[in-house]
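Each chain, written out:
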Amino acid sequence: MEEPSVTIPWSTRKRLQFLEFKLYWEGRVNRGDLTAEFGISIPQASVDFTKYQEMAPQNITYNSSAKYYVPTNKFAPIFIELSANAYFSTILCPPVENITTCGSDYVGVAPNPSRVIDLDVLRTLVQAIKNKQIVSLDYRSFNNSQPGNTRLISPHAFGTDGSRWHVRAYCHESNIFKDFVLGRIASASTASESDVDANSDYKWFNYIDVIIGPNPKLNEAQKNIVVMDYGMTDFELKFKCRIALLYYLVKKLGIDRKESDRAGEEQQIVAINLDEINAAMRQ
């Protein structure tokens, strides 16, 4: 995707992006699509189509009999990313009433209940990260669930496992960097300036290669399905992960045990370098 070299107002860019999205993915677009989506007039929609044709004449052509625009076989995007992830991210709706839903009739999303996060707590942590301050927390954990469990931390980042958010921070009680689940912080207040160097959080700023592959207990046909599903090469898929997030990754993928302990179809992938992963988490 080649970004336009000219400066375009944000509102115009959003309309042209929508136009290009419809053009490529749905194979057709007309002025009515723009007026329905953005509440603009037909003349304004015409201006937008003219603008897009000037910027990307090789992308779009008009079907006069059907009265809509279609993509050409030379289509090259200038506003959208051509990937499955980008497509689904665009059509999914934002969370409504703490449940992730989708408003499209042909796309469904399994509900994902959101964890409750106190906005005052989040705001305090954001400002503490920006200003390098120590924060005093009233933190509830399974080991200490009673009010008044005060922790002093020096936060420097946020992380998520895809389900819940946590703050990455130096704990002044245990003298290590660790994660604190945001939904378990009852209150937070800034205490003083922090002299903790966030760059010394080795596990946060360093990565490890995670290598996954089909479970050896699968038959050859099943292994090939897994290879196709994940886009593996030579029966392997390698990607990087922050060491600090490895625990969440292996739990989410279910690759925290040796392949010899795995049933075949119940666990379709395994971590080929599980020993290396476990050693990194123990550091």
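The paragraphs below set out a description of the structure included in this document.

1. Considering the packing of helix H1 (residues 10-26) against helix H2 (residues 31-38)
Orientation of H1 relative to H2, taken along the N-to-C sense of each, is 130°, at an axis distance of 10 Å. Relative to H2, the element H1 lies oblique. Like other packed secondary-structure pairs, H1 and H2 cross with a definite hand, here right-handed. On the side of H1, the interface is formed by Lys14, Arg15, Phe18, Leu19 and Lys22, while H2 contributes Asp33, Leu34, Glu37 and Phe38.

2. Some points on the sheet that holds strand E10 (residues 269-271)
Hydrogen bonds along the backbone pair up the strands of a sheet, which may run parallel or antiparallel. Judged by pairing direction, the sheet is antiparallel, and its three strands sit side by side in the order E9-E8-E10 without closing on themselves. Strand pairing shows two members of the sheet lacking a second neighbour, strand E9 (237-242) and E10, which therefore form its edges. Neighbour-to-neighbour, the strand axes of this sheet turn through a mean angle of 35°, independent of strand direction. Those strands touched by helix H7 (residues 220-230) are strand E8 (207-214), E9 and E10, and its axis lies near 140° from that of E8. The strands that helix H8 (residues 246-253) touches are E8, E9 and E10; relative to E9, the one it contacts most, it runs at about 140°.

3. Considering unusual backbone geometry
Even without glycine at this site, Lys67 takes up a positive phi of about 65°. Mapped onto the elements, Lys67 comes out in the loop between strand E1 (60-63) and strand E2 (68-71). Located in the positive-phi region is Phe235, a residue other than glycine, with phi close to 65°. Along the polypeptide, Phe235 turns up in the loop between H7 and E9. Accessibility expressed as a relative area gives 38% for Phe235, which makes it partly exposed.

Rules used throughout
- Residues numbered from 1 in each chain as written.
- Predicted model: local features only at pLDDT ≥ 70, side-chain atom pairs only at ≥ 80, totals over all residues.
- Heavy atoms only, no water.
- Axes fitted to C-alpha atoms, helices over the stretch in contact; angles between N-to-C directions.
- Helix = DSSP H or I, 4+ residues; strand = E, 2+ residues; numbered from the N terminus.
- Parallel < 35°, antiparallel > 145°, perpendicular 65-115°, else oblique.
- Left-handed = near helix turned anticlockwise from the far one by under 90°.
- Contact = heavy atoms within 4.5 Å.
- Pairing = 2+ DSSP bridges.
- Buried < 20%, exposed > 50% of the residue type's maximum accessible area, 1.4 Å probe, protein only.

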